[in-house]
Amino acid sequence: MEDYKTRLVTDSAGEEIARYMNEGQARRRIQWLIEKLTALDSVTSFDELFRSPIRRAINRELARHTYYLSLLPHGSTQSARLRFMWNNGADDVGKLLPTIMQIAAAGKLNRLRQCDGECGRWLFAKHGLKRTCPECQAAHAKAHRKTKKFQKDRAKYMKKYRDENYRKPVSKEGKIA
Ligand SMILES: [Zn+2]
């Protein structure tokens, strides 16, 4: 049996799942898996993990998917060779499972999250703390700059208004009374 931990998890693996979570059909089942797997992240005791009802629930879901080896030609029409390939069935969950397990085993599943900004789309955060997609971040920064400019303009206007309307009375000698 292959240990997924030994494989390198690339950003593209996470992005593949995020893309699916924004457009795919079996989103709710995948989200359920992501949530359950993430919930086990903080548990490190062998016994606790072994007894965990969450682990059992995940295993029940995993048992629904069968993978079998097929021998298929691989290459071009001119030069092809036979190759053993994993056939993961027709359903989307089955197709994405190896990638999800790979990300989970690397402890990076918590980076798969929904954008905190307006869009709420799924993203695979490159940094653990990032919670907003680049588009929402840019929009937020733009709005912030606008607010700053607005505040500056407003302050300028108020100063001009005060200067014009509440000018302190000046005596004949030109001194402020
Ligand atoms: Zn966003």
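Residues numbered from 1 in each chain as written. Predicted model: local features only at pLDDT ≥ 70, side-chain atom pairs only at ≥ 80, totals over all residues.

Caption draft 1: Quick look at the overall build of the chain. Secondary structure assignment for the chain yields six helices and four strands. Each helix and strand of the chain, ordered N terminal to C terminal, gives the series α-α-α-α-β-β-α-β-β-α. (Helix = DSSP H or I, 4+ residues; strand = E, 2+ residues; numbered from the N terminus.)

Caption draft 2: Local environment of the pairing of strand 2 (residues 80–87). Burial analysis of strand 2 places just zero of its eight residues in the buried class, a small minority of the element. Inspection of the sheet shows strand 1 (residues 68–75) paired to strand 2 by eight bridges, in the antiparallel sense. Residue Leu72 lies in a different strand from strand 2, and its bridge partner there is Arg83. (Buried ≥ 20, exposed ≤ 12 C-beta atoms within 10 Å, placed from the backbone. Pairing = 2+ DSSP bridges.)

Caption draft 3: Expanded view of helix 1 (residues 11–23). Taking 1.5 Å per residue, 13 residues should reach 18 Å; helix 1 reaches 18 Å between its end C-alpha atoms and fits that length. All of the buried residues along helix 1 are Ala13, Gly14, Ile17, Ala18, Tyr20 and Met21. An end-on view of helix 1 places all buried positions within 160° of arc, on one side of the element. In this structure, helix 1 carries Ser12 and Glu23 as exposed residues pointing more than 90 degrees from its buried face. (Expected span 1.5 Å × (residues − 1). Arc of directions from axis to C-beta.)

Caption draft 4: Spotlight on the packing of helix 2 (residues 27–39) against helix 4 (residues 53–62). Direction vectors running N to C along helix 2 and helix 4 enclose 145°, while the axes themselves pass 10 Å from each other. Regarding helix 2 and helix 4, the two cross each other, and that crossing is left-handed. On the side of helix 2, the interface is formed by Leu33, Lys36, Leu37 and Ala39, while helix 4 contributes Ile54, Ala57, Ile58 and Glu61. Grouping the constituent residues of the contact of helix 2 with helix 4 by class yields six nonpolar, no polar and two charged. (Axes fitted to C-alpha atoms, helices over the stretch in contact; angles between N-to-C directions. Left-handed = near helix turned anticlockwise from the far one by under 90°. Contact = placed C-beta atoms within 7 Å. Nonpolar A, V, L, I, M, F, W, Y, C, P; charged D, E, K, R; others polar.)

Caption draft 5: Focus on the nonpolar core. Membership of the largest hydrophobic core comes to 22 residues, with the highest contact counts inside it found for Ile17, Ala18, Ile30, Leu96, Ile100, Ile103 and Leu112. Put simply, the parts of the chain that give this core at least two residues each are helix 1, helix 2, helix 5 (92–105) and strand 4 (122–124). At six residues, helix 5 tops the list of elements feeding residues into this core. (Core = buried A, V, L, I, M, F, W, Y, C linked by C-beta atoms within 7 Å.)

Caption draft 6: Quick peek at helix 5. Look at helix 5: 20 Å from first C-alpha to last across 14 residues, which is about the 20 Å you get at 1.5 Å a residue. If you look at helix 5, its biggest bend is around 35°, right at Pro98. Looking at helix 5, one finds that the buried residues are Val93, Leu96, Leu97, Ile100, Gln102, Ile103 and Ala104. Looking one or two places after helix 5, you find Gly107, whose phi comes out positive at around 70°. (Bend = angle between axes of the 7 residues up to and from the residue.)

Caption draft 7: Broad picture of the environment of Gln31. Relative to the assigned elements, Gln31 resides in helix 2. Residue Gln31 is classed as partly exposed on the basis of its C-beta count, with 14 C-beta atoms lying within 10 Å.

Caption draft 8: Seen up close, the packing of helix 2 against helix 5. Where helix 2 contacts helix 5, the axes come no closer than 11 Å and their chain directions differ by 20°. The orientation of helix 2 with respect to helix 5, classified from their angle, is roughly parallel. As helix 2 runs across helix 5, the sense of the crossing is right-handed. Side by side, helix 2 and helix 5 meet where Arg29, Ile30, Leu33 and Leu37 of the first sit next to Val93, Leu96, Ile100 and Ala104 of the second. Classifying every residue of the contact of helix 2 with helix 5 gives seven nonpolar, no polar and one charged. (Parallel < 35°, antiparallel > 145°, perpendicular 65-115°, else oblique.)

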